[in-house]
There are 2 protein chains.
Amino acid sequence: MSAPAQATPLRLGIAGLGTVGIGVVKIVQRHADLLAARSGRPVVITAVCARDRTKNRDADLSGYAWETDAVALAGRDDVDVFVELMGGHEGAARHATEAALRAGKNVVTANKALLAHHGQELAEMAEAAGAVIRFEAAVAGGIPVIKALTEGLAGNQIRRVMGVMNGTCNYILTRMETAGLPYDTVFEEARQLGYLEADPNLDVGGIDAGHKLAILAAIAFGTRVSFEAVKLEGIGRISIDDIRRAGDMGYKIKLLGVAQMTGRGLEQRMTPCLVPASSPLGQLHGGTNMVVIEGDSVGQIVLRGAGAGEGPTASAVMGDVMDLARGLKLPTFGMPAAQLAAPTPAVTSAPASYYLRLHLLDKPGALAKVATVLGEAGVSISRMRQYGHDDSAAPVLIVTHKTTPEAISLAIAGFPATGVVEGEPVALRIEEL
Amino acid sequence: MSAPAQATPLRLGIAGLGTVGIGVVKIVQRHADLLAARSGRPVVITAVCARDRTKNRDADLSGYAWETDAVALAGRDDVDVFVELMGGHEGAARHATEAALRAGKNVVTANKALLAHHGQELAEMAEAAGAVIRFEAAVAGGIPVIKALTEGLAGNQIRRVMGVMNGTCNYILTRMETAGLPYDTVFEEARQLGYLEADPNLDVGGIDAGHKLAILAAIAFGTRVSFEAVKLEGIGRISIDDIRRAGDMGYKIKLLGVAQMTGRGLEQRMTPCLVPASSPLGQLHGGTNMVVIEGDSVGQIVLRGAGAGEGPTASAVMGDVMDLARGLKLPTFGMPAAQLAAPTPAVTSAPASYYLRLHLLDKPGALAKVATVLGEAGVSISRMRQYGHDDSAAPVLIVTHKTTPEAISLAIAGFPATGVVEGEPVALRIEEL
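Quick caveat, the model's predicted, so the values are computed rather than measured.

Rules used in this analysis
Residues numbered from 1 in each chain as written. Chains lettered and ligands numbered in written order. Predicted model: local features only at pLDDT ≥ 70, side-chain atom pairs only at ≥ 80, totals over all residues. Heavy atoms only, no water. Contact = heavy atoms within 4.5 Å. Buried area = accessible area lost by both parts, 1.4 Å probe. Salt bridge = Lys/Arg side-chain N within 4 Å of Asp/Glu carboxyl O. Helix = DSSP H or I, 4+ residues; strand = E, 2+ residues; numbered from the N terminus. Buried < 20%, exposed > 50% of the residue type's maximum accessible area, 1.4 Å probe, protein only. Least-squares fit on C-alpha atoms with pLDDT ≥ 70 in both. Patch = residues over 30% accessible without salt bridge, like charges linked within 9 Å, V, L, I, M, F, W, Y side chains within 5 Å. Areas by Shrake-Rupley, 256 points an atom, 1.4 Å probe, with all protein chains shown as cover. Phe/Tyr/Trp six-rings, centres within 6.5 Å; stacked < 30°, edge-to-face > 60°. Lys NZ or Arg CZ within 6 Å of the ring centre and 35° of its normal. UniProt positions renumbered as here; feature names shortened; annotations may be inferred. Pairing = 2+ DSSP bridges. Right-handed = clockwise from strand over helix to strand, strands pointing away.

Novice: So what exactly am I meant to see when it comes to the interface of chain B and chain A here?
Specialist: Interface size is commonly expressed as the accessible area that is lost once the parts come together. If you look at the interface, chain B gives 51 residues, while chain A gives 50 residues. Of the roughly 4,100 Å² buried between chain B and chain A on both sides combined, carbon and sulfur atoms contribute 54%. The three residues of chain B that bury the most area against chain A are B:R38, B:R304 and B:R326, which together make up 14% of that side's buried surface. Along the contact surface separating chain B from chain A lie four salt bridges. Taking the shortest distance from any N to any O, the salt bridge between B:D296 and A:R30 comes out at 3.2 Å.

Here you go:
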């Protein structure tokens, strides 16, 4: 079980020695024989890069050259693959990645922000230099979803890609439900547990998950990455009430990414949605990620696994490294960058059922007034539930038949004039599976 | 979105024009542009092969050369990839596959029996000729599990692979549960619906699923395929009672494949097991397949999708074809055939909890006698439930703590002497997830 003695080693330079970087170092050290047997050649680390050399890092780095500048690491003659695990879509990560590609070196990265913001340029740069850039670890952690979509399902026209791809948001929503705690409390818990990014809006604002969705959409539909066209909405306005009420109606609330090519263009959303509680997405608890891919031949494929953490993310990085060691190379987004179409963003979302929660004042004919507004907006009611109430306003839940987001907005705009709707109604899309 | 005019087409010869073969023809015809854009070259069919040329096949085959002999198809100069969709592990499928490999042609096959019985020889033959043999469609239909295990998770030492990989068995068990029908009735229904193989034992005896498990085990553990070492047990002895009682205790019954490398050797089983009702495997209903892969870095990955049918299986075949079109080639089982170790089969299964169902005669001290036998065999009881009864014997359900299969057998052997256990006790392994 070892590589032929004459086989040329694949030499990695690892930029960034945080959790994931150290995870990669550990795999390369622990599984040297296994990696060599599987790829037919030794996979070795020659150099690493991080700012603080004195930090205790739980791995023996003494055999590797040390750079403090990632661009210098990327340019080293003894590095074949530049492994970028620094993060951030500008600054050192971007400069060093570009330097590596310009030098014709292959790049493996876990950096979703970099790909979401500069994917097209980087893909063009890689092709011009005869290099490739790989990023399995950038989307859904350890789940090999980039490979499934680009390669395994390459015979399919992709219809829709969906995913719960931010473990922190799913943790928060699950915890709110199971512990009955309000958003702010659980948010604070998550912060103290170290689950949140330094800028928490990357998580709870849906930005991080939006980056991932934009990358998947590019591969799925053969289009240029267009993160700026992702409709983003975070989980900050989800109340414990909505989680409970949605549960009463047979749904769970998830921060769900959806990308689909419609007659009106490419639709990309990362928004809180209701999904059937009995569906695979509805049964996803805590920090686990799930991606659902729908293809014209394959039907629906569901992939589930850890979306973050040292081991899972390092596993994804190593999957890419092993492909390179084995000589498997593809264009960045599955086809040559010049052939990726500039997508027309869909101006609106496909029709769907909606969940509406409103508080109705205890006045005669209140429900009839609301129903009239809905009807006039073209929204028809599928199911309705009114709760008992201690004060003057009663919660009313409505699940609509399929309708457009415009019709829902029209209805909501009409509620104040009825004089019976108290406060702001909540409207959430129900995503069918 | 088209391939460069000068690109060399990849020419397929398709042997077998049943459901899957026609599915492949349809994809190649429908998605010519998409396939060319993704692979950088046209993917075309030049010749096909089936016995009966006059049969109506729901696809226009007029542009393809026709062979009645698969070996002749495999030898054609205008065929680059021999696509074997005939089935059967001997006869034409085997001969033609060998002929193709000997001629240095790459092979894509959906034939799990062929790989399970002759995988090692075929792998060696392919390597000797500089060809590859691909078989994504042989395991779990449309789910790209071979790719995930061989490539995406190549940085992991695999700990365990599990799967529900025979949709017909899962359909039968689900239908027994939901309709409350006995095995024989549902079996007959399945036969009439055309869900069963000509030899139904391939399905309900676990053989088909066992073939798939043996293939996954070879890749997961770097060993030679050893189907003969798979412990096989079908679903024929599962009663509606057990399905209901297992449900009462929080479990579902699945025909579950498990492969793991233990200190005692390679364990491969395809047997009815209990799994937690709330686990992804427990929530799998009907004909859908699921594979669970556990790796030392990635943790647990779950893959779910259609395990059979024209579209899903053709999707898997085309994933392999597209890899070949793109020049992605790997050894058959992920490493050179000569390096695959001959596995030592584990002589016994790893310890587990067990579900026991027995009928106790209504005699004083009956339960004490059973508990004594269990205790003497070294089996300790975790949970027990006794049901009311109309006749002289009452059903008793026991969930044990972790124990060995030998201890369970010892206990069962001791029951008759108690004089209080009526009929044959049922013992089923509980697989932890």
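Novice: Explanation requested: the pattern of salt bridges in the structure shown.
Specialist: Tallied over the entire structure, the rule returns 58 salt bridges over all chains. With a shortest N-O distance of 2.6 Å, A:K252 and A:E177 are connected by a salt bridge. Residue A:K252 is located in strand β9 (residues 251-262), and its partner A:E177 is located in helix α7 (residues 167-179); the two are separated by 75 residues in the primary sequence. The buried category is assigned to A:K252, whose relative accessible area is 17%. B:R94 is the partner of B:E90 in a salt bridge, and the nearest nitrogen-oxygen pair spans 2.8 Å. One network of salt bridges, in which partners are shared, links A:R134, A:K147, A:E151, A:D320, A:D323, B:R134, B:K147, B:E151, B:D320 and B:D323.

Novice: How should the relation of the copies chain B and chain A be read in this particular structure?
Specialist: Put simply, the two copies of the chain differ by a rotation about an axis and a shift along that axis. Superposition of chain B onto chain A requires a rotation of 180 degrees combined with a translation of 0.0 Å along the rotation axis, giving an RMSD of 0.0 Å. The superposition operator between the copies reduces to a two-fold rotation axis. A shared binding surface is used by both copies, with 98% of the interface residues of chain B retained as interface residues in chain A.

Novice: Help me understand a nonpolar patch on the surface in this model?
Specialist: A surface patch of nonpolar side chains, about 210 Å² in accessible area, is lined by B:L367, B:I381 and B:M384. Following the sequence through the fold, B:I381 ends up in strand β14 (residues 381-386).

Novice: What am I meant to see in the packing of aromatic side chains here?
Specialist: The description of two aromatic rings rests on the distance between their centres and on the angle between their planes. The tally for this structure, following the rule as stated, stands at six aromatic pairs over all chains. Both rings, one in B:Y171 and one in B:Y195, keep their centres 4.9 Å apart while their planes meet at 85 degrees; by these two values the pair is edge-to-face. Here B:Y171, found in helix α7 (residues 167-179), pairs with B:Y195, found in the loop between α8 (183-192) and α9 (201-204); they are 24 residues apart in sequence, far enough to count as distant. Using a relative accessible area of 17% as the deciding quantity, one classes B:Y171 as buried. When the centroid spacing of 5.9 Å and the interplanar angle of 35 degrees are considered together, the rings of B:Y183 and B:F187 count as tilted. Here B:Y183 pairs with B:F187, and both are found in helix α8, just four residues apart, close to one helical turn. Accessibility assignment for this pair places B:Y183 and B:F187 in one class, buried. Its end group placed over the ring of A:Y387, A:R245 keeps NZ or CZ at 4.0 Å from the ring centre.

Novice: Got a minute to help me understand the UniProt feature "binding site: L-homoserine" (unreviewed entry) in chain A in this structure?
Specialist: Cross-referencing UniProt, the feature "binding site: L-homoserine" (unreviewed entry) maps to A:E197 in the present numbering. By secondary structure assignment, the location of A:E197 is in the loop between α8 (183-192) and α9 (201-204).

Novice: What is the right way to look at the pairing of strand β4 (residues 81-84) of chain A in this model?
Specialist: A regular strand places its side chains on the two faces of the sheet in alternate fashion. Residue and element names in this part refer to chain A. Of the two faces of β4, the one carrying V81 and V83 and the one carrying F82 and E84 are both buried. For strand β1 (residues 10-15) and β4, the ladder comprises four bridges, and the chain directions are parallel. For I14, the partnering residue across the bridge sits in β4 and is V83. Sheet topology note: the β4/strand β5 (residues 106-109) ladder contains four bridges and is parallel. Residue pairing in the sheet places V83 in a bridge with V108 of β5. Chirality of the crossover, the property in question, places the unit of β4, helix α4 (residues 91-102) and β5 among those that are right-handed.

Novice: I tried to follow unusual backbone geometry on my own but got confused; where do I start?
Specialist: Glycine aside, residues mostly have negative phi, and peptide bonds are mostly found in the trans state. All names here are of chain B. Backbone geometry places D58, a non-glycine residue, at a positive phi of 60 degrees. Within the secondary structure, D58 is located in the loop between β2 (43-49) and β3 (65-67). For D58, a relative accessible area of 58% corresponds to the exposed category.

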